[in-house]
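Residue strings, one per chain:
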Amino acid sequence: MHTPASRRNFLGCAASAAVVASLARVSAAESQSTATAPRAASGTDWPLIGGTDEKALIDVLRSGRWGRTSGGARNREFETVFAQRMQAKHCIATSSGTTALLTALGALNIGPGDEVVLPPYTFVATFNAITASFALPVFADTDPATLQIDAQSVAAAISPATRLLLPVHIGGTAADLDALATLARARNLPLIEDACQAPLAEWNGRPVGTHGLGGCFSFQAGKNLTAGEGGAVVTNDDDFAHRCYNFHTPGGGKPAPSLGRGANFRLTEFQAALLLSQWTRFEAQQKERADNAAHLSRLLAAIPGIAPAKLTPGNTRNGWHLYMFRYDAAKFAGLPRAKFLHALAKEGVAASAGYTALNLSPHVQALAKNPHYRRIYGDAGMAQWLERNRCPANDRVVEETVWLGQAKLLGSRASMERIAEKIADIQKRAGQLARA
Ligand SMILES: *Cc1c(COP(=O)(O)O)cnc(C)c1O
């Protein structure tokens, strides 16, 4: 959860920050029974530090092999483990999720004049990877039931200049990969999954990331698997893998034709070692998140006006980066979402309003005035672009959605029950809260 908007939202409830922090510590303590269980640093609820983490870092330090170019083996080990678990033939570790996306776009030689279709309900990094390549981001609308990109809207967003489909598995839930992969094949377009929030999520029983040409992951500080920063590209395509490898490290040396472009987006050995260490706990943590989320969903089903994001039959395993639900103020005596969030925070439950409308944000709108973009796409082209970016369903979604962060889903079952109780209690008092 790292949009400035969502951060502001949390800080807006600063009065209750101490309550929230102490609650998080209690729930972290409740869920970990043994002395060796991973724990959070004091005053935070994420990340969790496990017993193997210190040794992993110190071993790299003492080895003097701090990077993959100085003979370190941790990058390669992590790539092997991650590729295997993701049922992918190749994995290329990168310095971030953003640079994983840039690597994929670089390997495809996406550049000026090319259009890339993405959702508006995503972290700004998806957009940034496209504009850092001087390609034109084109937004497809959101399915309000699932909060994922709407495949029909993707089809409508495709033009003769489209070079790539870049859906996002937001919150850790896979977008409709049947519809998207079918569309990509029909239009002869590559499909890259932005799976930055979705490691271990599955679609039709197969991990996300290789349902199209490839997928990108992030190990940034807030993500479910983290080394502070980090990322990865996975693929089953040898040529694409080699292009990615050569793009991400100068003189990569894999057998792929050069297009004269490249970067240094390597992960350090410290990060790779920390990821390998975190990896040993990741499956268990994801199971815990899934169990808690299922419990919470059962409890919330009894509360009218709270509609958790729909999981479709294709979502055979969810990644649970965010627990997302729609809030219907009408069922809460007209209590506006901001007041609902404030009341929740006062009860010790920190929740976020989530993303604002990315397509309407000043950052995105500024692109229409960017001199490079005006030169590449023309003034008329950029004016038209602003029109194409309308996403009416998403405009409603951003007004009604509420998030609980992934760290909350590692709390006790009792803490899930407390969340549902607090929401039910707010509903009872909603009329009074709305007037206050
Ligand atoms: C985190 C994230 C990214 C970018 O990852 P970084 O590691 O922060 O660069 C991209 N897309 C989505 C959907 C993300 O959540």
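Residues numbered from 1 in each chain as written. Predicted model: local features only at pLDDT ≥ 70, side-chain atom pairs only at ≥ 80, totals over all residues. Heavy atoms only, no water.

Visitor: Just to check I follow, could you spell out the site of the ligand for this structure?
Guide: By nearness alone, 16 residues border the ligand, and Gly 97, Thr 98, Asp 194, Ser 218 and Lys 223 come closest of all. At 2.7 Å from an oxygen atom of the ligand is found a side-chain nitrogen or oxygen belonging to Ser 218. Of the residues assigned to the shell around the ligand, the class counts are four nonpolar, ten polar and two charged. (Near = heavy atom within 4 Å. Polar contact = N/O pair within 3.5 Å; in protein donor to acceptor, adjacent residues only side chain to side chain. Nonpolar A, V, L, I, M, F, W, Y, C, P; charged D, E, K, R; others polar.)

Visitor: Before we go on, may I ask you to explain the packing of aromatic side chains in this structure?
Guide: When we look at a pair of aromatic rings, we describe it by the centre distance and by the angle of the planes. With the rule as written, the count across this model stands at 20 aromatic pairs. Between the aromatic rings of Phe 78 and Phe 219, the centroid separation amounts to 5.5 Å while the plane-to-plane angle is 90 degrees, which identifies the pairing as edge-to-face. Of this pair, Phe 78 sits in helix H4 (residues 74–85) while Phe 219 sits in the loop between strand S10 (214–218) and strand S11 (231–235), and the two are 141 residues apart along the sequence. With relative accessibility at 0%, the residue Phe 219 sits in the buried group. The structure contains a cluster of three or more aromatic residues connected by ring pairs, namely Phe 78, Phe 82, Phe 217, Phe 219, Trp 279 and Phe 282. Residue placement shows Lys 254 over the ring face of Tyr 245; its charged tip is 4.7 Å from the ring centre. (Phe/Tyr/Trp six-rings, centres within 6.5 Å; stacked < 30°, edge-to-face > 60°. Helix = DSSP H or I, 4+ residues; strand = E, 2+ residues; numbered from the N terminus. Buried < 20%, exposed > 50% of the residue type's maximum accessible area, 1.4 Å probe, protein only. Lys NZ or Arg CZ within 6 Å of the ring centre and 35° of its normal.)

Visitor: Just checking my understanding: could you explain the packing of helix H3 (residues 51–63) against helix H10 (residues 269–300) for this structure?
Guide: Where H3 contacts H10, the two axes come as close as 9 Å, and the packing angle between them is 155 degrees. In terms of orientation, H3 and H10 fall into the roughly antiparallel class. Considering only the axes of H3 and H10, their crossing is right-handed. Between H3 and H10, the residues in contact are Gly 51, Thr 52, Asp 53, Ala 56, Leu 57, Val 60 and Leu 61 and Glu 269, Phe 270, Ala 273, Leu 274, Ser 277, Gln 278, Thr 280 and Arg 281, respectively. Looking at the contact of H3 with H10 residue by residue, the classes come out as seven nonpolar, five polar and three charged. (Axes fitted to C-alpha atoms, helices over the stretch in contact; angles between N-to-C directions. Parallel < 35°, antiparallel > 145°, perpendicular 65-115°, else oblique. Left-handed = near helix turned anticlockwise from the far one by under 90°. Contact = heavy atoms within 4.5 Å.)

Visitor: Even after reading the chapter, I still don't get the sheet that holds strand S14 (residues 401–405), so can you show me in this structure?
Guide: Each strand in a sheet pairs with another by means of backbone hydrogen bonds, the pair being arranged parallel or else antiparallel. Spatially, S12-S13-S14 is the arrangement adopted by the three strands of the open sheet, whose pairing is antiparallel. Two strands bound the open sheet, and with one partner strand each, they are strand S12 (306–308) and S14. The mean angle between the axes of side-by-side strands here comes to 30 degrees, regardless of whether they run parallel or antiparallel. Examined bridge by bridge, S12 and strand S13 (residues 322–327) share three bridges and lie antiparallel to one another. In the sheet register, Ala 307 faces S13, and the bridge partner there is Arg 326. Taken strand by strand, H10 contacts S12, S13 and S14, and its axis lies near 15 degrees from that of S13. Sheet contacts for helix H11 (residues 337–346): S12, S13 and S14; angle to S14, the most-contacted strand, approximately 25 degrees. (Pairing = 2+ DSSP bridges.)

So, to be careful, I would describe these as geometric facts and stop short of saying anything about function.
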